[in-house]
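# Understanding the architecture of this molecule
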Amino acid sequence: MLEQFMPKQFIMSVFEIDLQQLQQQGIKAIITDLDNTLVEWDRPEPTERIREWVSQVHDIGIELLILSNNDEERVARFAKPLHVPYIYDAGKPGSKAFAKALKVLQLPREACVVVGDQVMTDVWGANRFGLEAILVKPVANNDAVKTRFNRQIERLILYLARKRGWTTWTNQ
């Protein structure tokens, strides 16, 4: 059961994603979370470094879509200046969120990868839907109130994974 909460890869930030390797694996799109994945949950607009990363993603020929449980105002304000499609109030980890992302991208599951900072929404949802997941360390050390409960469960899951020798990674 614990396996469904394990990502394919653990990394410190989106900047560590090997875009060329993804391209070689046939990945055509990255479905990414927003809050504490790309920027702090309370930062309203993209940083210059994120703008550069998005440009690199596009330059290599990989599409990007933001899939967020946050509201439209928050997600649109961030995504529109980047010219990145987005889905707000997604309902992750529900399968409908990921199905909608694939429909927007017009791509099959095997051509996409999910990137996020939460085991309980991003990783579990991706795995349940048959998508590969990459877990990043949260950008900020604090979370919105609605995320704090998930973090407690996440800490337990990662503790058990470390105890079984599946990873040495921690999101702390």
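Residues numbered from 1 in each chain as written. Predicted model: local features only at pLDDT ≥ 70, side-chain atom pairs only at ≥ 80, totals over all residues. Heavy atoms only, no water.

## Considering unusual backbone geometry
Backbone torsion omega between Lys92 and Pro93 reads 15°, so that peptide bond is classified as cis. The phi dihedral of Gln106 is positive, around 55°, even though this residue is not glycine. Structurally, Gln106 is set in the loop between α4 (95-105) and β5 (112-116). (Helix = DSSP H or I, 4+ residues; strand = E, 2+ residues; numbered from the N terminus.)

## Remarks on the packing of aromatic side chains
This model, assessed by the stated rule, comprises 2 aromatic pairs. Ring plane angle 25° and centroid distance 6.4 Å describe the contact between Phe98 and Phe129, whose orientation is recorded as stacked. Of this pair, Phe98 sits in helix α4 while Phe129 sits in helix α5 (residues 119-129), placing them 31 residues apart in sequence. Residue Phe129 is classed as buried on the basis of its relative accessible area, which comes to 12%. Over the face of the ring belonging to Phe15 we find Arg49, whose NZ or CZ atom lies 3.8 Å from the ring centre. (Phe/Tyr/Trp six-rings, centres within 6.5 Å; stacked < 30°, edge-to-face > 60°. Buried < 20%, exposed > 50% of the residue type's maximum accessible area, 1.4 Å probe, protein only. Lys NZ or Arg CZ within 6 Å of the ring centre and 35° of its normal.)

## A look at the pairing of strand β3 (residues 63-67)
Burial analysis of β3 places 4 of its 5 residues in the buried class, the great majority of the element. Sheet topology places strand β2 (residues 29-32) next to β3; 4 bridges connect them, and they run parallel. Pairing of Ile30 across the sheet is with Leu64, part of β3. Following the backbone out of β2, through helix α2 (residues 48-59) and into the adjacent parallel β3, one traces a crossover that is right-handed. As a crossover connection, the stretch from β3 through helix α3 (residues 72-79) into strand β4 (residues 86-87) is right-handed. (Pairing = 2+ DSSP bridges. Right-handed = clockwise from strand over helix to strand, strands pointing away.)

## A closer look at the environment of Ala111
By the element assignment, Ala111 lies in the loop between α4 and β5. Taking the C-alpha atoms as reference points, Ala111 and Ile30, separated by 81 residues in sequence, lie 8.8 Å from one another. Those residues within four positions of Ala111 in sequence are excluded, and the remaining contacts are Gly26, Ile27, Lys28 and Ala29. (Contact = heavy atoms within 4.5 Å.)

## Some details on the side chain of Arg74
Here Arg74 is to be found in helix α3. Looking at Arg74, its side chain comes within polar contact range of the main-chain oxygen of Arg43, at 2.7 Å. A distance of 3.4 Å separates a polar side-chain atom of Arg74 from the backbone oxygen of Pro44. (Polar contact = N/O pair within 3.5 Å; in protein donor to acceptor, adjacent residues only side chain to side chain.)

## Comments concerning α2
Counted at 1.5 Å a residue, the expected span for α2 with its 12 residues is 16 Å, and the 16 Å between its end C-alpha atoms agrees. Restricting attention to buried positions, one finds in α2 the residues Ile50, Trp53, Val54 and Val57. Relative to the axis of α2, the buried residues are bounded by an arc of 100° and lie together on one face. Across α2 from its buried face, at more than 90 degrees, point the exposed residues Glu48 and Asp59. Taken together, the buried residues of α2 touch α1 (19-24), β2, β3 and α3. (Expected span 1.5 Å × (residues − 1). Arc of directions from axis to C-beta.)

## Points about the environment of Glu45
In this fold, Glu45 is placed in the loop between β2 and α2. For the pair Glu45 and Leu82, spaced 37 residues apart in sequence, the C-alpha separation works out to 9.7 Å. Aside from chain neighbours lying at most four places away, what touches Glu45 is Val39, Arg77 and Phe78. A distance of 3.2 Å separates the side chain of Glu45 from the side chain of Arg77, its partner in a polar contact.

## What to know about a negative patch on the surface
Residues Asp71, Glu72, Glu73 and Asp89 make up a contiguous surface patch of negative charge. Within the secondary structure, Glu73 is located in helix α3. By relative accessible area, which is 64% here, Glu73 ends up exposed. (Patch = residues over 30% accessible without salt bridge, like charges linked within 9 Å, V, L, I, M, F, W, Y side chains within 5 Å. Areas by Shrake-Rupley, 256 points an atom, 1.4 Å probe, with all protein chains shown as cover. Salt bridge = Lys/Arg side-chain N within 4 Å of Asp/Glu carboxyl O. Lys, Arg positive; Asp, Glu negative; His and termini not counted. Charge placed at Lys NZ, Arg CZ, Asp CG, Glu CD.)

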